[in-house]
Amino acid sequence: MGVGKSTVGALLAERLGTGYRDTDGDIVAEQGRTIAEIFVDEGEEAFRAIEKRAVRRALAEHTGVLSLGGGAVLDAEVRALLAGHRVVYLSMDVEEAVRRTGLNTARPLLAVNPRKQWRELMEARRHLYESLATAVVATDGRTPEEVTRAALDALRSRTVSPGEQPPDPRPEDAMTNGVTRIRIGGTAGRDSYEVLVGRQLLGELAGLIGPKAKRVAVIHPEALAETGDALRADLAEQGYDAIAVQVPNAEEAKTAEVAAYCWKALGQSGFTRTDAVVGVGGGATTDVAGFVAASWLRGVRWIAVPTTVLAMVDAAVGGKTGINTAEGKNLVGAFHPPVGVLCDLAALDSLAVHDYVSGLAEVIKCGFIADPVILDLIESDPEAARTPAGPHTAELIERSIRVKAEVVSADLREEGPREILNYGHTLGHAIEKNERYKWRHGAAVSVGMHFAAELGRLAGRLDDATADRHRSVLEAVGLPLHYRHDQWPKLLENMRLDKKSRGDLLRFIVLDGLAKPTVLEGPDPAVLLAAYGEVGQ
C-alpha cells in the first residue's frame, strides 16, 4: 500500500499499449463507498471476501495490466488464481512507506502507528509477495517513470515469441529487485559466480569485493576517465584504499606494456592477495583487467563491470582473460573467472551506434549456435534491435549470457564444448590481426560467421535456408558480410595460429543445422577457398 501501484500500473499499460484495471477501483464502483468505509462498516474479513470476488472477476475479464490491493494475496484462492500470470511486486522499505502514507485515514490498517503497523504487515506479507512474483522492482527513491521502466525491463526479460514456451529457468538463476542473476557454475576447483543484469547495480560492488580487501584498483579506458574516477571516489568513501588505473581505449590496451603498467600500479600501492581489481569498460578493458588480476601474485579477486554489449554477453563472462601479441589475438592469457559481473543496462544508453551494433554480432552468434529465439526477436524488428531503447534489449542480452553460462559452466578451460563459442571467430580473429586491430571485433566476427555458414554449406553440413539466414540477419542490423578478396593468403596464414588449430590441422566451428554446432577438421583447401569466394570482395 502506498507503493504507487495505481500510477505505475496505468503508465505500464500505456507503454504496453494495453488496458489498465485496479481491483480497488472495481470494489469502490461496485459498493458505492470507499475501502476505508467498508472496513469500518463490515470489518476486514468481509472486505477480503469482496476483494476475492473482485480479483476473480478481473482475472477472468481483463487481459491487460491489473493492480491488486496490498492484502489480496493473503487469500490462498487468490494466490492460486495468480499462478501462471506474470506478477510484478513493487517493493519499498518501511521509512519510505511511512513517508508516503503517513497518518492517512484512507488506509485503515495504518491508522494508529504507521511505522510499527507497516512493518508488521510486511513481516506477514513479504514472503507471499516474493513467492508469487515473477519480478521484484524496488521503488525507493525512484519516480513512477523510473519504476515503470524497471518493470518493463523485468517483463521484457521474460517475453517469448507468440506460441513459444519460455525457457525453464535454472534453479541457480533468479530475478530480485528488477535484477536478473545468472549463475556461472564453478569448475576445475573454481567457485561459482553470478552475472547480474539490470540497472543501478553498483550498490552490489562492495559485496563482491569482499570484507578482506583493503585496496581496490579500478582499471578503466581513457574514454571512461570520469566514470573510473567517480567509481574510485565512491569506493574510497566506503573505506577502501582505491586507485584508478587508466589504460588505452579498445584493443590498444591489450599489450604486454599496458599489463606491465598495471602491475607497476598494483606494486606501488602494496596490493596483496586479499585485495581486488575492478575492470570497467568494453571487452578489451575487461580482458586486460582480468589478465592483470590473474597474473598478480598468481591470482587476486576481480570484478567485471562491462559497459558495452560485446563485453556484457561475451568478454566479461566465462573467465577467459588475455592480451594480444604481434603474432595474434589473445595468445597470452589465463583462465581466471571474476567473482561477479555487473551488467548495468544504463551503460548502453550512451553507447555509440556502431559500437552497439558491433556487439550484436556476439548476440546473433548465440542465436545460431544455441538459442534461435534470439534470431526471431531480432528479425521481428531489426531496426529496433540496433538501439538500446529497443523492446527486446534486456532479453537479448540475458539470453546471450545464458547461452555462454551453460557452456562455460561445463567447460571452463575450453577443452571441449566451449569451442562452440568461437563460431565465426577463426576468420574473425584473422581479419582483426590483418587490420592491426583497427576493425571492431563484432564486425570481424560477422564476416567470420558469414564465412562459417558458407563453409558449412559447401562441406555438406548446413542447409541453404540457415546459411542464407546468416546473411539476412547480419545485414538487417547493419553488420558487414564481406572482406577483401586479395587478402585470403594472409588470412589463411593467420588462421593457422588460431587456438583451435592442432599442429598444421585447421579446425572450424560450423553448423550441422540451426543450433547444432560442431567441429570441422582439416577441410579441403579448395572448399575453404570457395567459401571465402562468397565472402571476399
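Residues numbered from 1 in each chain as written. Predicted model: local features only at pLDDT ≥ 70, side-chain atom pairs only at ≥ 80, totals over all residues. Heavy atoms only, no water.

Honestly, the overall build of the chain in this entry has me stumped. Any pointers?
Along its length, the chain carries 22 helices and 16 strands. Burial analysis of the chain (537 residues in total) assigns 53% to the buried set. Relative to all contacts within the chain whose residues are 6 or more apart in sequence, the contacts with residues 24 or more apart total 72%. Of the accessible surface of the chain, which amounts to about 23000 Å², a share of 51% is contributed by carbon and sulfur atoms. (Helix = DSSP H or I, 4+ residues; strand = E, 2+ residues; numbered from the N terminus. Buried < 20%, exposed > 50% of the residue type's maximum accessible area, 1.4 Å probe, protein only. Contact = heavy atoms within 4.5 Å. Areas by Shrake-Rupley, 256 points an atom, 1.4 Å probe, with all protein chains shown as cover.)

Quick question: what am I supposed to make of unusual backbone geometry here?
Trans is the prevailing form of peptide bonds, just as negative phi is the prevailing case for residues other than glycine. Non-glycine residue R436 carries a positive phi angle of around 55°. Relative to the assigned elements, R436 resides in the loop between α18 (425–434) and α19 (441–458). Positioned with a positive phi, Y437 is a non-glycine residue whose angle comes to about 60°. Its place among the elements puts Y437 in the loop between α18 and α19.

How should the pairing of strand β7 (residues 193–198) be read in this particular structure?
Taking burial as the measure, the 6 residues of β7 include 5 buried ones, the bulk of the element. Here strand β6 (residues 179–184) pairs with β7 via 5 bridges, running antiparallel. Paired with I184 across the two strands is Y193, which belongs to β7. Sheet topology note: the β7/strand β14 (residues 340–344) ladder contains 5 bridges and is parallel. Within β14, the residue paired with E194 across the bridge is G340. (Pairing = 2+ DSSP bridges.)

What is the right way to look at the nonpolar core in this model?
Taken as a class, soluble globular proteins show a tendency for nonpolar side chains to be buried jointly. One finds V195, I364, I378 and Y423 to be the most contacted residues of the largest nonpolar core, which totals 77 residues. Broken down by element, this core gets its largest block of residues, 9 residues, from helix α14 (residues 353–369). (Core = buried A, V, L, I, M, F, W, Y, C linked by side-chain atoms within 4.5 Å.)

Is there a simple way to think about the pattern of salt bridges in this case?
Opposite charge on two side chains permits them to pair, given that their charged atoms come into close proximity. Scanning the entire structure with this criterion turns up 42 salt bridges. For R15, the salt bridge goes to E14, with nearest N and O atoms at 3.7 Å. You can call R15 partly exposed: its relative accessible area is 34%. Given the relative accessible area of 58%, E14 is considered exposed. A salt bridge links E454 to R457; the shortest N-O distance between them is 3.2 Å. One end of the pair, E454, and the other, R457, are both in helix α19, 3 residues apart, so they sit about a helical turn from each other. For E454, a relative accessible area of 3% puts it in the buried group. Here the residues in one salt-bridge network are E454, R457, D464, D468, R471 and E534, joined through shared partners. (Salt bridge = Lys/Arg side-chain N within 4 Å of Asp/Glu carboxyl O.)

I would appreciate a short explanation of α18 in the present structure.
Owing to its 3.6 residues per turn, the α-helix brings residues three or four apart onto one side. Burial within α18 is extensive, with 9 of its 10 residues counted as buried. Among all positions in α18, only H425, T426, L427, G428, H429, A430, I431, E432 and N434 are buried. Its buried side turned inward, α18 meets β13 (328–335), α14, α19, α21 (488–495), β15 (507–511) and α22 (525–535).

What should I look at first to understand the confidence of the model for the chain in this one?
Close inspection of predicted coordinates is inappropriate in any region flagged by low pLDDT. Confidence in the prediction for the chain averages 86 pLDDT; 86% of positions are at 70 or higher. Per-residue pLDDT stays below 50 along residues 101–114; that stretch engages in 30 contacts with residues further than four places along the chain or on separate chains. Contacts of residues 158–173 to residues separated by more than four positions or lying in other chains number 29 contacts, the stretch itself having pLDDT below 50. (pLDDT = per-residue confidence, 0-100.)

Whenever I open this one, the packing of aromatic side chains confuses me. Can you help?
Throughout the structure, instances matching the rule amount to 8 aromatic pairs. Here the aromatic rings of Y89 and Y129 are separated by 5.0 Å at their centres, their planes lie at 45°, and the arrangement is tilted. One end of the pair, Y89, is in strand β3 (residues 88–91); the other, Y129, is in helix α7 (residues 114–132), with 40 residues separating them in the sequence. Neither Y89 nor Y129 differs from the other in exposure class; each is buried. Taken together, F451, W488, F508 and Y532 form an aromatic cluster joined through their ring pairs. (Phe/Tyr/Trp six-rings, centres within 6.5 Å; stacked < 30°, edge-to-face > 60°.)

Where do I start with the pairing of strand β8 (residues 215–221) in this structure?
A regular strand places its side chains so that they alternate between the two faces of the sheet. For β8, the buried fraction is high: 6 of the 7 residues fall into the buried class. Relative to strand β9 (residues 241–247), β8 runs parallel, the two sharing 7 bridges. Across the sheet, the residue bridging to R215 is D241, located in β9. Traced from β8 through helix α10 (residues 225–237) to β9, the parallel crossover comes out right-handed. Relative to strand β10 (residues 276–281), β8 is paired through 4 bridges, and the arrangement is parallel. By the bridge assignment, I219 is partnered in β10 with G279. (Right-handed = clockwise from strand over helix to strand, strands pointing away.)

When you look at the packing of α18 against α21 in this model, what are you seeing that I'm missing?
Between two packed helices, both the angle of their axes relative to each other and the distance between the axes serve to describe the pair. α21 packs onto α18 with a crossing angle of 115° between their chain directions and a minimal axis gap of 9 Å. Classified by the interaxial angle, the pair formed by α18 and α21 is roughly perpendicular. When the axes of α18 and α21 are compared, the crossing they make is right-handed. For the pair α18 and α21, the contacting residues are T426, L427, A430, I431, K433 and N434 in the first and K490, L491, N494 and M495 in the second. Tallied by class, residues from the contact of α18 with α21 come to 5 nonpolar, 3 polar and 2 charged. (Axes fitted to C-alpha atoms, helices over the stretch in contact; angles between N-to-C directions. Parallel < 35°, antiparallel > 145°, perpendicular 65-115°, else oblique. Left-handed = near helix turned anticlockwise from the far one by under 90°. Nonpolar A, V, L, I, M, F, W, Y, C, P; charged D, E, K, R; others polar.)

How should I be thinking about the environment of T143 in this particular structure?
You can see T143 is positioned in the loop between β4 (135–138) and α8 (144–156). Overall, the relative accessible area of 39% leaves T143 in the partly exposed class. Along the chain, T143 and V8 lie 135 residues apart, while their C-alpha atoms are 9.4 Å from each other.

I would appreciate a short explanation of helix α2 (residues 23–31) in the present structure.
You can read the cap of α2 off the contacts: a side-chain oxygen lies 2.8 Å from the backbone nitrogen of D24, and it is on D22. Of the residues trailing α2, G32 is marked for its positive phi of about 70°. (Polar contact = N/O pair within 3.5 Å; in protein donor to acceptor, adjacent residues only side chain to side chain.)

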